[in-house]
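Below are the chains, spelled out letter by letter.
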Amino acid sequence: LHDALPISYANSDAVIGNGTLSLTVGDQTMDVDLADGSNSLAGLRNAINLAEDNPGITATIVNAADGAHLVISSDTTGAENALVITPNGADAGLTTFLGGLFEQSPAQDAQVLVDGFTVNSPDNQISGAVEGITFSLQGAAPGEIAEITLSEDFDTATAAVEGFVEAWNTLQDT
């Protein structure tokens, strides 16, 4: 997930400027036009969230002790889905707004070592590293080694086959 956070404003109705912003996630881009009447934090949030061509971007206003902040996030994980915001014809106010953005959490892939081999995934599902196995990553502890032991579960397989045979026999008796 990729988050961009701006400087604080007095409230969500604060005017941030006029112009067009191009917001890109992966290879999909949407343009948001800000003009008088829709050029506030709330106006930008609404324009992003309600856009029909939104490629997976969410804008949220967070009211903190220092004021209102517009948090803009990519809904899609992975390094290839980084959020990029580009101004087109921005006035001084919108340029100041963009200059105050900073990256809270960079877009990145999950990365694990499997038997000494590096494996990356755009989400927390690692599949294909070990044939027939999908690892579901639940938490991160960089530098900490987690040992995973895989074994065959013959009891479950036997119970499933016995259940099938019993159901088949019951069906045949009817």
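Residues numbered from 1 in each chain as written. Predicted model: local features only at pLDDT ≥ 70, side-chain atom pairs only at ≥ 80, totals over all residues. Heavy atoms only, no water.

**Some remarks on the overall build of the protein chain**
Part 1: Within the protein chain, the regular secondary structure consists of 3 helices and 11 strands.
Part 2: In sequence order, the protein chain lays out its α and β elements as β-β-β-α-β-β-β-α-β-β-β-β-β-α.
Part 3: For 174 residues, the compact-globule estimate of 2.2 N^0.38 gives 16 Å, and the protein chain exceeds it by more than 25% at 25 Å.
Part 4: By principal-axis analysis of the C-alpha atoms, the protein chain measures approximately 75 × 50 × 35 Å.
Part 5: Relative to its 174 residues, the protein chain shows a buried fraction of 31%.
Part 6: Excluding contacts between residues fewer than 6 apart, the proportion of contacts in the protein chain whose partners are at least 24 apart in sequence is 56%.
Part 7: Approximately 11100 Å² of the protein chain is accessible, and the part contributed by carbon and sulfur atoms is 51%. (Helix = DSSP H or I, 4+ residues; strand = E, 2+ residues; numbered from the N terminus. Rg over C-alpha atoms; globule rule 2.2 N^0.38 Å. Buried < 20%, exposed > 50% of the residue type's maximum accessible area, 1.4 Å probe, protein only. Contact = heavy atoms within 4.5 Å. Areas by Shrake-Rupley, 256 points an atom, 1.4 Å probe, with all protein chains shown as cover.)

**Quick notes on the nonpolar core**
Part 1: If you look at the biggest cluster of nonpolar residues, it comprises 24 residues, and the most contacted ones within it are L44, I48 and F97.
Part 2: When contributions to this core are tallied by element, the ones reaching two or more residues are β2 (19-25), β3 (28-34), α1 (41-50), β4 (57-64), β5 (67-74) and α2 (92-99).
Part 3: Looking at this core, the element that brings in the most residues is α1, giving 4 residues.
Part 4: A110, V119, I126 and F135 belong to the second-largest nonpolar core, a separate cluster that totals 5 residues. (Core = buried A, V, L, I, M, F, W, Y, C linked by side-chain atoms within 4.5 Å.)

**Some details on the pairing of strand β9 (residues 117-121)**
Part 1: Pairing geometry for strand β8 (residues 110-114) and β9, over 5 bridges, is antiparallel. Bridge pairing links L113 to T118 in β9.
Part 2: Counting the residues in the hairpin turn of β8 and β9 gives 2 residues, including D115, whose phi is positive at 55 degrees. (Pairing = 2+ DSSP bridges.)

**Some remarks on the side chain of N39**
Part 1: Here N39 is to be found in the loop between β3 and α1.
Part 2: On the accessibility criterion, N39 (7% relative accessible area) is buried.
Part 3: Ignoring sequence-local partners within four residues, the contact set of N39 consists of A14, V15, I16, G17, N18 and L34.

**Description of the pairing of β2**
Part 1: Burial within β2 is extensive, with 7 of its 7 residues counted as buried.
Part 2: Here β2 shows no split at all, with G19, L21, L23 and V25 on one side and T20, S22 and T24 on the other all buried.
Part 3: Two elements, β2 and β3, share 7 bridges in a ladder whose sense is antiparallel. When the sheet's bridge partners are listed, L23 is paired in β3 with M30.
Part 4: Turn length for the β2-β3 hairpin, with the two strands adjacent in sequence and antiparallel, is 2 residues, and the turn residue G26 shows positive phi of about 60 degrees.

**A few points about a nonpolar patch on the surface**
Part 1: Together, V161, F164, V165, W168 and L171 line one region of the surface with nonpolar side chains, adding up to about 530 Å² of accessible area.
Part 2: With respect to the helices, strands and loops of the structure, W168 is situated in helix α3 (residues 154-173). (Patch = residues over 30% accessible without salt bridge, like charges linked within 9 Å, V, L, I, M, F, W, Y side chains within 5 Å. Salt bridge = Lys/Arg side-chain N within 4 Å of Asp/Glu carboxyl O.)

**With respect to the packing of aromatic side chains**
What characterises a pair of aromatic rings is the spacing of the ring centres plus the angle enclosed by the ring planes.
Part 1: Counted by the stated rule, this structure contains 1 aromatic pair.
Part 2: On the basis of an interplanar angle of 40 degrees and a centroid distance of 6.2 Å, the ring pair of Y9 and F97 is categorised as tilted. Linking Y9 in the loop between β1 (3-5) and β2 with F97 in helix α2, this pair joins segments that are 88 residues apart in sequence. (Phe/Tyr/Trp six-rings, centres within 6.5 Å; stacked < 30°, edge-to-face > 60°.)

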